[in-house]
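Next come the chains, spelled out residue by residue.
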Amino acid sequence: MGLVLKLESLRAGYILRSLDRNRVIPAVNEVSLEIRDDEIYGIAGESGSGKSTLLKTMFATAIEPPLRIFGGKIYYYVQNKEIDVLTLSVQEKMRLSWQYVSYIPQGSMSVFNPIRKVRTVFLDFLKSHVKEGEEKLLAVATRHVKALGLAPEVLDAYPHQLSGGMKQRLAIALATLLNPRVILADEPTTALDVVAQKAVIQLLREIQRESKNTIVLVTHDMGVHANIATRVAIMYAGKIVEEGSTTAILKRPLHPYTKYLIDSLPRIGDKHVRESVPGNPPSFLDLPSGCAFHPRCPYVQEICKREVPQLVNVNAEHKIACWLERR
Ligand SMILES: Nc1ncnc2c1ncn2[C@@H]1O[C@H](COP(=O)(O)OP(=O)(O)OP(=O)(O)O)[C@@H](O)[C@H]1O
Ligand SMILES: [Mg+2]
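In this text, all values refer to a predicted model and were calculated from it rather than measured experimentally. (Residues numbered from 1 in each chain as written. Chains lettered and ligands numbered in written order. Predicted model: local features only at pLDDT ≥ 70, side-chain atom pairs only at ≥ 80, totals over all residues.)

## A look at the overall build of the protein chain
A count of helices and strands for the protein chain gives 10 helices and 12 strands. Taken over C-alpha atoms, the radius of gyration comes to 21 Å for the protein chain, in line with the 20 Å a tight globule of 327 residues would show. Counting only C-alpha atoms and orienting by the principal axes, one finds that the protein chain spans roughly 70 × 50 × 45 Å. Looking at the protein chain as a whole, 38% of its 327 residues qualify as buried. Within the protein chain, contacts between residues at least 6 apart in sequence are counted, and of these 63% link residues at least 24 apart. (Helix = DSSP H or I, 4+ residues; strand = E, 2+ residues; numbered from the N terminus. Rg over C-alpha atoms; globule rule 2.2 N^0.38 Å. Buried ≥ 20, exposed ≤ 12 C-beta atoms within 10 Å, placed from the backbone. Contact = placed C-beta atoms within 7 Å.)

Laid out in structure tokens, this is it:
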């Protein structure tokens, strides 16, 4: 299976400027991962673990201040050619954005301008990428919206006339207009009721099945990953601490942090009280030494306080960064 995107020891984050000194928020810390053709790659983790920042680094044109890359590499694989994204000019990045990789930011329901009809937003987007007359472009938009199972009349609506779920589906429709190889979706189901969540998951799944492209899906909701992801990466304090096939992650989670995340999933008919992760996530301004999870870990050993465990394979399809697995 081919690659579509690769990160190598990527470090990224934000610089907070204050009067006396600048402080760095290392929201993505030494992340390496490979995203493949024709898969749904899930990224999970608690609020503030760096999921959105990691996803932003994968969208070339989203890498702009305050977000900064401190080190490492980002590669795209366009027509079998490896492209070093961080060396591209602004124009080259713009050319690849939306056509090769598209991005649905967190809270993207609000991308629609309240005083403009949805169709105007779609038309403007198309006009900036395709040289065609308005009529043809409107036909493209209508065909796409219909193909996604949405009523074409939604194009004539103003955003306030649509439900949150419909706006989210339209944001997905907009991001997939140019049939990109990779779709980056940040929390597309969050803030929706269960019915609307299902419709969004269904839509993403159908787009992926139909076009055989790749979706990178960020959500803190492990239930959504269980439903739709091919593989899942678990993030903690800016690092990937476990990665594997969704089945492996759900059935045989190895990292103590992953175990808590899986345990907090509701199960039908099960009445016992679920344990949530004890304690609070650390601050990026004051990360614990060694394994950042060690102050919250029930299995902590001396080495965990001193040395950072690397992400290593336990088998071909399962990786973990934990000293427990190294004995
Ligand atoms: N624009 C920004 N400027 C400064 N710091 C930021 C900015 N965006 C995020 N951060 C900080 O970076 C860290 C990681 O945030 P990020 O949004 O990537 O987390 P997340 O896992 O997506 O969280 P959530 O689940 O709440 O969306 C946090 O400490 C956050 O406060
Ligand atoms: Mg986020």
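Having seen the model, we can carry on.
## Quick look at the packing of helix 5 (residues 164-175) against helix 6 (residues 194-211)
Contact geometry of helix 5 with helix 6 gives a least axis separation of 9 Å together with a crossing angle of 15°. Relative to helix 6, the element helix 5 is oriented roughly parallel. Between helix 5 and helix 6 the crossing geometry is right-handed. Between helix 5 and helix 6, the residues in contact are Gly164, Gly165, Gln168, Arg169 and Ile172 and Ala196, Ala199, Val200, Leu203 and Leu204, respectively. Split into classes, the residues belonging to the contact of helix 5 with helix 6 amount to 6 nonpolar, 3 polar and 1 charged. (Axes fitted to C-alpha atoms, helices over the stretch in contact; angles between N-to-C directions. Parallel < 35°, antiparallel > 145°, perpendicular 65-115°, else oblique. Left-handed = near helix turned anticlockwise from the far one by under 90°. Nonpolar A, V, L, I, M, F, W, Y, C, P; charged D, E, K, R; others polar.)

## Observations concerning the site of ligand 1
As a matter of local geometry, ligand 1 sits amid 15 residues, with Tyr14, Ser47, Lys51, Ser52 and Thr53 nearest to it. Contributing elements (two or more residues each) for the shell around ligand 1: strand 2 (22-36) and helix 1 (51-57). Take the shell around ligand 1: its biggest share by element is 3 residues, from helix 1. Residue composition of the shell around ligand 1, by class: 5 nonpolar, 9 polar and 1 charged. (Near = placed C-beta within 6 Å.)

## Structural notes on the packing of helix 3 (residues 118-127) against helix 4 (residues 134-147)
Helix 4 packs onto helix 3 with a crossing angle of 110° between their chain directions and a minimal axis gap of 10 Å. Regarding the angle of helix 3 to helix 4, the classification is roughly perpendicular. Crossing angle aside, the handedness with which helix 3 passes helix 4 is right-handed. Each of Arg119, Phe122, Leu123, Leu126 and Lys127 in helix 3 lies in contact with helix 4, whose residues at this interface are Glu134, Leu137, Leu138, Val140 and Ala141. Class assignment of the residues belonging to the contact of helix 3 with helix 4 gives a composition of 7 nonpolar, no polar and 3 charged.

## Focus: unusual backbone geometry
In the segment running from Pro65 into Pro66, the intervening peptide bond is cis, with an omega of 10°. Summarising the element assignment, Pro66 is placed in the loop between helix 1 and strand 4 (67-78). Of note in the backbone geometry, Ser9 takes a positive phi value of approximately 40° without being a glycine. Residue placement: Ser9 occurs in strand 1 (residues 3-17). Look at Ser9 and you get exposed, because 11 C-beta atoms sit within 10 Å.

## A few points about the environment of Ser9
For the pair Ser9 and Asp193, spaced 184 residues apart in sequence, the C-alpha to C-alpha distance is 37 Å. Every residue in contact with Ser9, bar those within four places of it in the chain, is listed here: Glu30, Ser32, Gly71 and Gly72.

## Looking at the sheet that holds strand 1
Overall, antiparallel pairing links the 4 strands, which are arranged 2-1-4-5 in an open sheet. Of all the strands in the sheet, the pair left with one neighbour each is strand 2 and strand 5 (81-84). Recorded for the sheet is a direction-independent mean angle of 15° between the axes of neighbouring strands. In this sheet, strand 5 lies alongside strand 4 in antiparallel orientation, the contact comprising 4 bridges. The residue of strand 5 that forms the bridge with Tyr77 is Glu82. (Pairing = 2+ DSSP bridges.)

## Let's talk about the sheet that holds strand 9 (residues 231-236)
If you trace the 8 strands from one edge of the open sheet to the other, you get 6-7-8-3-9-10-12-11, paired in mixed fashion. Looking at strand neighbours, the two that pair on one side only are strand 6 (101-104) and strand 11 (312-315), the edges of this open sheet. Direction aside, the axes of adjacent strands within the sheet are offset by 20° on average. Two strands pair when backbone bridges link them, and strand 11 and strand 12 (residues 318-320) are joined in this way by 3 bridges, in the antiparallel orientation. Pairing of Asn315 across the sheet is with His318, part of strand 12. Sheet strands in contact with helix 9 (residues 256-263) are strand 3 (40-44), strand 9 and strand 10 (239-245), and its direction is about 110° off that of strand 9.

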